[in-house]
Amino acid sequence: MVKWLRPTYLPCYPLGDNHSRITECDKHIQLSRTAACEGSILLKNDNSVLPFKKGTKVAVFGKAQIDYVKGGGGSGNVHVSYVRNIYEGLKLKKDQVDVFDALSLYYQNYVECQYKAGAQLGMFDEAPVPENLLGKAKEYTDTAVITICRYSCENEDRKNDGTDNYFYLSDAEQKMVTAVTENFTNVVVLLNVGAMIDTSWFAYNDRISSAIMLWQGGMEGGLAAADMLVGDANPSGKLVDTCAKTFEDYPSSAGFHESEEYVQYDEDIFVGYRYFETIPGKKECVVYPFGYGLSYTTFSFSDIFAFNNENKIFVTLTVTNTGAHVGKEVVQLYYSAPLGKITKPAKELCAFAKTKLLQPGESQELCLSFAIKDMASFDDMGDIARSSYVLEKGTYKLYIGTSVREVAEIDYAYHLEEHVIIEKLHSYGAPEKLKRRMLSDGSYQTLECAPITRTTFPCDYQFAKAPEAEHKLIDVVDGKIDLDTFIAQLTDEELCNLVGGQPPTGLSDTCGMGNLKRLEIPNVMTIDGPAGVRLRRLSGIKSTAFPVATALASTWNVNLLEEIGRAGALETKENNLSIWLTPALNIHRSPLCGRNFEYYSEDPHISGKMAAAMVRGIQEQNIVAVPKHFACNNKETNRFWSDSIVSERALREIYLKGFEICVKESKPRMIMTSYNIINGIAASENAELIQGILRGEWGFDGMLTSDWENGKPHVQEVIAGNDIKMDKGEPDKLMNALKEGTLTREELAVCVKRILEMILWVE
Ligand code: BGC
């Protein structure tokens, strides 16, 4: 195998069987469709209206049946050959279901006119309900489907005012719901959305029998919806976010619009279900709890048995399909830590497992496990031991079930007579301005805040002796010289160039890394994700669009994510690209964050597990995975300069935790820092987070890239250990800093070394 054949020569070299291309192949499209079904959540199904019986006649309302949103916009968009909408999906099921075409064609015509007039997919008003067709539809059938869609994109948050109802239904949508519920007996709702929206309107409406959260299901999302409506597939997704009654019920809402300059994370660790399940009176605000999701079949759990061994807790059980349909169930394990000096959430997810497809009557034994230390709290106030993960004394209870609410306490508890200090760490990234933070009784605690310090971490890089003869990078591969000796040949200019992005080639439009002709360092290309491989649009080459990250997380199926990671990596490789800017795992702090669709969940545990699975699948193919955006990108407004002001504890336990799980479990080769500022220091210049926590405490040995065109000073980024500036660096400024003595050759070399280690790893 010739090293760097693909990045160097860009051959058309397909990876499929018999020299066929695998990019957007049937197998990958089928995988996307399967994932769309597994990530869909049956929220309501009164009287078992779903699945439709063979021969059911349906009238489908709403422009979303045509204006289907496969995924969000911006770098998370994927260019595909086609997107199957819901109407088309249903038409493919013509042997099982009859659609009232005249109504669907009315919506098709409406949507086409809107597109022609320049409206953007998913972003225009609902069509008025046509009176004459409503009457005819009622004559045709007593069963109606209401479709609702939402679109969002990076660099813009969703609004929640009269001009843009992301969370609530618009007036036109409400009119449609009223018209449909007044005229049909069986009403089913399909939600084609990228983030939490209002669910009360159907949850508490007796005239609406069923609802499926489809999320944005990728290029075959419409067919996946039809699969579920007719029962060819059984939705087995579970919520990865809490559905609250109103937007105001989310604790982040009060301060979301307070300032464009900063966001105060004063709900602290009480994000999502940690808030709703803990804070007195907040349980009532929940429509559908975290982890919730129905099925066309039913399951029972039996023989639940727990024990601990070698610092881990294990829970085994048997899951049986007790209903009449084939289906999969998700088992969720939560712990409840004792309330001591450190405030605690009522329950926290610590493990989960999904069954295989169980036939009616079939059983499967599952084993869930987690490390005892995972139940520790980060003590940032010194209540027990400052800057340490601490297990407070007392009883740790375990709950098993099918949502954070539908759980049973296990007949086993872990008890500690004394506090245990699990890990003594450091005070890194502390806030300067966060005045208060929430406690478990809903009151607030005052936080001590100190002026920002920019800790510097000594650079211990030592140059090796330069070789006598010039060596190319391939000589390092061949073992003729070591990497440090290779680096010793690099001039100042070369070092300064290597720590910046390089021009794109081939199908990349997001630039490359490396590219030093003199020493034959190849230019390895990046490409965007995470819902698929976003090939350069103008090339005309299409790739597979998978469901968005929130949908993937809702599958609770780590094996499936690994498979999607593998499929995406193969598409990356086949198109001669090396670095897939995937997965993205920021926390769903507010329903309004414009990028929620790219991220997994409100919960760091499931976010970390999903990201780790993707990274494993991707890197198995020697394609570099890039978990992003490290960290606290929870709002898009003023995203380059908005300061996320957050306590050390919430940072550790919520916003960094997913990255920690991912780094420790799957060793990503690269991580992307975020645009935003964290407690006064930009993420890409934040040495305490990069060197202190990521590299120092977690042992991350990959490289860091900035996010694209982030407007931050390159010199500071190099000093902080952010190895490369994308999509291009500031070599002149680096050269000046070298001359002035504010930057050293060693500081550059250590970054270059990590970049070259990555390049040496790719094929
Ligand atoms: C996004 C990143 C993306 C990069 C390259 C940025 O705008 O924040 O997630 O990978 O662009 O396209």
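J.: Please give an account of the layout of surface pockets that cites residues and values.
T.: Over the atoms, a rolling probe the size of a water molecule traces out where space has been left empty. Approximately 920 Å³ is the volume found for the largest pocket. For the largest pocket, the lining is made up of 36 residues, of which Cys350, Asp374, His605, Lys609 and Ile661 are closest to its centre. With seven residues, strand β15 (residues 348–354) is the single largest residue contributor to the lining of the largest pocket. Counted by class, the lining of the largest pocket contains 17 nonpolar, five polar and 14 charged residues. Lining the lining of the largest pocket are residues from two domains, each supplying at least three of them: domain 2 (297–433) and domain 3 (474–635 + 643–761).

J.: Please set out the sheet that holds strand β27 (residues 624–625) residue by residue, giving values where relevant.
T.: Strand order across the open sheet formed by four strands is β24-β25-β26-β27, with mixed pairing between neighbours. Because the sheet does not close on itself, it has two edges, and the strands there are β24 (512–516) and β27. Summarising the sheet, β24 and strand β25 (residues 521–528) pair through four bridges and their orientation is antiparallel. Counterpart to Leu516 in the pairing with β25 is Ile521.

J.: So, the site of the ligand: which residues are in play, and what are the values?
T.: Taken together, 13 residues lie near the ligand, and Glu154, Asp528, Arg595, His629 and Asp707 sit nearest. Here Glu154 contributes a side-chain N or O atom positioned 2.8 Å from an oxygen atom of the ligand. Between the ligand and the protein, one listed contact pairs an oxygen atom with a side-chain N or O atom of Asp707 at 2.6 Å. When the ligand is considered free in solution it has 310 Å² of accessible area, and contact with the protein chains removes 92% of it. Tallied by class, residues from the shell around the ligand come to four nonpolar, three polar and six charged.

J.: Any chance you could break down the nonpolar core for me, citing the residues and the numbers?
T.: Formed by 81 residues in total, the largest nonpolar core has its most connected members in Tyr600, Phe630 and Tyr655. Tallying contributions element by element places helix α16 (residues 604–619) first for this core, with seven residues. Judged by nonpolar contacts, the second largest core, of 74 residues, contains Val49, Ile66, Phe100 and Tyr107.

J.: Can you explain the pairing of β24? Please cite residues and give values.
T.: The buried fraction of β24 is high, at four of five residues. Between β24 and β25, which pair antiparallel and follow one another directly, the connecting turn spans four residues, one of which, Glu520, has a positive phi of 55°.

J.: Which residues make up the domain arrangement of the chain, and what values do they have?
T.: Taken domain by domain, the chain holds domain 1 (17–248), domain 2 (297–433) and domain 3 (474–635 + 643–761). On the side of domain 3, 49 residues touch domain 1, which itself brings 53 residues to the contact. Buried surface at the junction of domain 1 and domain 3, both sides included, amounts to about 4,000 Å², of which 60% is carbon and sulfur. Among the residues of domain 1 in contact with domain 3, Leu31, His79 and Val240 are the three that bury the most area, contributing 18% of the side total. Taken together, the links from domain 1 to domain 3 amount to two salt bridges. Between the two partners, domain 1 and domain 3, sit 25 residue pairs in polar contact (both at pLDDT 80 or more). Examining the composition of the side of domain 1 that touches domain 3, we find that seven residues originate from one element, helix α2 (residues 26–38), more than from any other. Of the residues assigned to the side of domain 1 that touches domain 3, the class counts are 19 nonpolar, 23 polar and 11 charged.

J.: Tell me what's going on with unusual backbone geometry, and back it up with residues and numbers.
T.: Cis geometry marks the peptide bond from Leu50 to Pro51; its omega dihedral reads -10°. Examined against the element boundaries, Pro51 turns out to sit in the loop between β1 (41–45) and β2 (56–61). In this structure, Glu310 is a non-glycine residue whose phi angle is positive, near 45°. Structurally, Glu310 can be placed in the loop between β12 (299–309) and β13 (312–321). Look at Glu310 and you get exposed, because its relative accessible area is 70%. We note that Cys632 has phi near 65°; this positive angle belongs to a residue other than glycine. With respect to the helices and strands, the residue Cys632 is situated in the loop between β27 and β28 (643–645).

J.: Give me empty space enclosed by the protein: which residues, what numbers.
T.: One pass over the full model with this rule turns up four cavities of 30 Å³ or more. Space inside the largest cavity adds up to approximately 70 Å³. Surrounding the largest cavity, Met196, Tyr250, Pro251, Ser252, Glu267, Val271, Gly272, Phe276, His588, Arg589 and Glu602 form its lining. Taken together, the residues that form the lining of the largest cavity break down as five nonpolar, three polar and three charged.

J.: Outline the state of the cysteines, listing residues and values.
T.: Applying the stated rule across the entire model yields zero disulfides. Cys149 takes part in no disulfide bond, and the closest cysteine sulfur to it belongs to Cys153, at a distance of 15 Å.

J.: Account for the packing of helix α15 (residues 558–574) against α16, naming residues and giving values.
T.: At a closest axis distance of 7 Å, the pairing of α15 and α16 adopts a crossing angle of 40°. If you check the angle between α15 and α16, you find them oblique. Relative to α16, α15 is oriented so that their crossing is right-handed. Contacts between α15 and α16 involve Val558, Leu561, Glu562, Ile564, Gly565, Arg566 and Ala569 from the first element and Lys609, Met610, Ala613, Met614, Arg616, Gly617 and Ile618 from the second. Partitioned by chemical class, the residues of the contact of α15 with α16 number eight nonpolar, two polar and four charged.

J.: Go over the packing of aromatic side chains with me, naming the residues and quoting the values.
T.: Centre distance and the angle of the planes are the two values used to describe a pair of aromatic rings. For the structure shown, the criterion picks out 27 aromatic pairs. Ring centres 6.1 Å apart and planes at 85° place the aromatic pair Tyr273 and Tyr334 in the edge-to-face group. Placement of Tyr273 in helix α10 (residues 273–276) and of Tyr334 in strand β14 (residues 330–336) is noted, with a sequence separation of 61 residues between them. A residue is classified by how much of its surface remains accessible, and Tyr273, at 1% relative accessible area, is buried. Note on Tyr334: relative accessible area 0%, which makes it buried. Among the aromatic side chains, those forming a connected cluster through ring pairs are Phe167, Tyr168, Phe247, Tyr250, Tyr275 and Phe276. If you follow Lys57 out to its NZ or CZ, it ends over the ring of Tyr140, 5.1 Å from the centre. Residue placement shows Arg436 over the ring face of Tyr444; its charged tip is 3.5 Å from the ring centre.

J.: Lay out the pairing of strand β19 (residues 394–401) in plain terms, naming residues and giving numbers.
T.: The element β19 is extensively covered by neighbouring structure, given that six of its eight residues are classed as buried. Alignment of β14 against β19, held across five bridges, turns out to be antiparallel. Across the sheet, residue Ser336 finds its bridge partner in β19, namely Lys397. As paired strands, β19 and strand β20 (residues 407–416) are joined by seven bridges and run antiparallel to one another. Across the sheet, Tyr396 pairs through a bridge with Tyr414, a residue of β20. Counted along the chain from β19 to the antiparallel partner β20, the turn is five residues long.

J.: Explain α16 residue by residue, including any values.
T.: Given 3.6 residues per helical turn, the α-helix brings residues three or four places apart onto the same face. Taking 1.5 Å of rise per residue, the 16 residues of α16 would be expected to cover 22 Å, and the 22 Å separating its terminal C-alpha atoms lies within 8% of that figure. The opening residue of α16, the one whose side-chain oxygen lies 3.0 Å from the backbone nitrogen of His605, is Asp603.

J.: Can you break down the sheet that holds strand β21 (residues 420–424) residue by residue, with the values?
T.: Spatially, the three strands line up as an open sheet ordered β17-β18-β21, and their pairing is antiparallel. The open sheet has two edge strands with one neighbour each: β17 (377–379) and β21. Neighbour-to-neighbour, the strand axes of the sheet open up by a mean angle of 35°, direction not taken into account.

Rules behind the numbers
Residues numbered from 1 in each chain as written. Predicted model: local features only at pLDDT ≥ 70, side-chain atom pairs only at ≥ 80, totals over all residues. Heavy atoms only, no water. 1 Å grid on protein atoms, 1.4 Å probe; cavity = no way out; pocket = protein on both sides within 12 Å on 5 of 7 lines; lining within 4 Å. Points joined across faces, edges and corners; volume = space filled by probe spheres on them. Helix = DSSP H or I, 4+ residues; strand = E, 2+ residues; numbered from the N terminus. Nonpolar A, V, L, I, M, F, W, Y, C, P; charged D, E, K, R; others polar. Domains from an automatic or database assignment. Pairing = 2+ DSSP bridges. Near = heavy atom within 4 Å. Polar contact = N/O pair within 3.5 Å; in protein donor to acceptor, adjacent residues only side chain to side chain. Areas by Shrake-Rupley, 256 points an atom, 1.4 Å probe, with all protein chains shown as cover. Core = buried A, V, L, I, M, F, W, Y, C linked by side-chain atoms within 4.5 Å. Buried < 20%, exposed > 50% of the residue type's maximum accessible area, 1.4 Å probe, protein only. Contact = heavy atoms within 4.5 Å. Buried area = accessible area lost by both parts, 1.4 Å probe. Salt bridge = Lys/Arg side-chain N within 4 Å of Asp/Glu carboxyl O. Disulfide = S-S within 2.5 Å. Axes fitted to C-alpha atoms, helices over the stretch in contact; angles between N-to-C directions. Parallel < 35°, antiparallel > 145°, perpendicular 65-115°, else oblique. Left-handed = near helix turned anticlockwise from the far one by under 90°. Phe/Tyr/Trp six-rings, centres within 6.5 Å; stacked < 30°, edge-to-face > 60°. Lys NZ or Arg CZ within 6 Å of the ring centre and 35° of its normal. Expected span 1.5 Å × (residues − 1).

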